Amino acid sequence: MSVRVVLSIGVSVQHTGGEKEFEIEARNLRGVIRAMDERFPGLGAYLEEETTVAIDGEIHETAYFQPLREDSEVFFLPKIEAG
């Protein structure tokens, strides 16, 4: 099943040469992260540790096995830290 993945501008500049939108075949968030890491080695660990994810407009803290629908939108956003 194909899902749309969108990275923030900062993540895309650092890890994908500026490319920020992708069509990925995955059934859950873990599959998305694996697929992105295969395309861009090291990106998977960064996405897991440094970003928050929104799936179809809903923010999830840990959603590795959150099922995705055909045409779901997965947005990776920088974590906001309080200090």
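Our subject in this report is the structure included herewith.

Rules and cut-offs
- Residues numbered from 1 in each chain as written.
- Predicted model: local features only at pLDDT ≥ 70, side-chain atom pairs only at ≥ 80, totals over all residues.
- Heavy atoms only, no water.
- 1 Å grid on protein atoms, 1.4 Å probe; cavity = no way out; pocket = protein on both sides within 12 Å on 5 of 7 lines; lining within 4 Å.
- Points joined across faces, edges and corners; volume = space filled by probe spheres on them.
- Helix = DSSP H or I, 4+ residues; strand = E, 2+ residues; numbered from the N terminus.
- Nonpolar A, V, L, I, M, F, W, Y, C, P; charged D, E, K, R; others polar.
- Phe/Tyr/Trp six-rings, centres within 6.5 Å; stacked < 30°, edge-to-face > 60°.
- Buried < 20%, exposed > 50% of the residue type's maximum accessible area, 1.4 Å probe, protein only.
- Lys NZ or Arg CZ within 6 Å of the ring centre and 35° of its normal.
- Core = buried A, V, L, I, M, F, W, Y, C linked by side-chain atoms within 4.5 Å.
- Contact = heavy atoms within 4.5 Å.

### Some thoughts on the layout of surface pockets
For the largest pocket, the calculated volume is near 160 Å³. Lining the largest pocket we find 13 residues, and of these Leu 47, Glu 48, Thr 51, Glu 61 and Tyr 64 sit closest to its centre. Elements with a minimum of two residues in the lining of the largest pocket: α2 (29–39), α3 (43–50) and β3 (51–55). Sort the elements by how many residues they give to the lining of the largest pocket and β3 lands first, with 3 residues. Of the residues that constitute the lining of the largest pocket, the class distribution is 7 nonpolar, 3 polar and 3 charged.

### Let's talk about the packing of aromatic side chains
Evaluation of the coordinates by the stated rule reveals 1 aromatic pair. With centroids separated by 5.7 Å and ring planes inclined at 70°, the aromatic side chains of Phe 22 and Phe 40 adopt a geometry described as edge-to-face. Taken as a pair, Phe 22 in strand β2 (residues 21–25) and Phe 40 in the loop between α2 and α3 lie far apart in primary sequence, 18 residues in all. Overall, Phe 40 belongs to the buried group, its relative accessible area being 17%. If you follow Arg 30 out to its NZ or CZ, it ends over the ring of Tyr 64, 5.9 Å from the centre.

### Description of the nonpolar core
Core analysis: the biggest nonpolar cluster contains 21 residues, and Val 5, Leu 7, Ile 24, Leu 29, Val 32, Met 36 and Phe 76 have the highest contact counts within it. Residue assignment for this core shows that the elements contributing at least two residues are β1 (2–7), β2, α2, α3, β3 and β5 (73–78). Per-element tally for this core: the top contributor is α2, with 5 residues. Every residue in contact with Val 5, bar those within four places of it in the chain, is listed here: Lys 20, Glu 21, Phe 22, Ile 24, Val 32, Met 36, Val 74 and Phe 76.

### A word on the environment of Gly 57
Within the secondary structure, Gly 57 is located in the loop between β3 and β4 (58–60). Put simply, Gly 57 and Leu 7 are 50 residues apart on the chain and 14 Å apart in space, counted from C-alpha to C-alpha.

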